[in-house]
Amino acid sequence: HLLSRRQRQDVYKRQVRWAFYGGQYDTIEEFMKAVQEYHEELDADGWQPEEVVLACKEVTVQYAYWDEEEETEEDFRLTADGDGFTAGELLFKIHNRVVGHLENEDHHFFEGLSLYKDAAPENRPFYFLGLGS
């Protein structure tokens, strides 16, 4: 189920501007270039793609999208390439996982991740992907 604001702790909003559209990216380098260009178009700064934003090896992320006529929720697990997720790696992996469901949705703009305090499947942190229009 979707998490109420009381059940969430907002995290990872560190000046990230992104929209989930345009298909999947083959490489993280290609993705990082696209994010940089997007930030330049918006005259946004402050995003540090090499900054470690989650100091854990695995996380579970939940998001919601409309599938035909009903809202659908989906969870997926991500594994960091190193000991934790950098901002670039995390956004890259989330993008490639959700873009197929979100690119034609009104709510496809990244609004951060929120930690769900009451759930940690298999001892992994559980985050909700915030989306806006």
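Keep in mind that what you see is a predicted model, and the values were worked out from it rather than measured.

Look at helix H1 (residues 28–42) against helix H2 (residues 87–102): their axes get within 10 Å of each other, and the N-to-C directions meet at 100°. In terms of orientation, H1 and H2 fall into the roughly perpendicular class. Along the contact surface, H1 presents Ile28, Phe31, Met32 and Val35, while H2 presents Gly88, Glu89, Leu91, Phe92 and His95. In terms of residue class, the contact of H1 with H2 is built from 6 nonpolar, 2 polar and 1 charged.

Along the chain, His108 falls in the loop between H2 and strand E6 (109–116). Within the local environment of His108, its side chain forms a polar contact with the backbone oxygen of Glu105, the two atoms lying 2.7 Å apart. Other than its neighbours up to four places away in sequence, His108 contacts Trp18, Ala19, Phe20, Tyr21, Leu102, Glu103 and Gly132.

Criteria and thresholds
- Residues numbered from 1 in each chain as written.
- Predicted model: local features only at pLDDT ≥ 70, side-chain atom pairs only at ≥ 80, totals over all residues.
- Heavy atoms only, no water.
- Axes fitted to C-alpha atoms, helices over the stretch in contact; angles between N-to-C directions.
- Helix = DSSP H or I, 4+ residues; strand = E, 2+ residues; numbered from the N terminus.
- Parallel < 35°, antiparallel > 145°, perpendicular 65-115°, else oblique.
- Contact = heavy atoms within 4.5 Å.
- Nonpolar A, V, L, I, M, F, W, Y, C, P; charged D, E, K, R; others polar.
- Polar contact = N/O pair within 3.5 Å; in protein donor to acceptor, adjacent residues only side chain to side chain.

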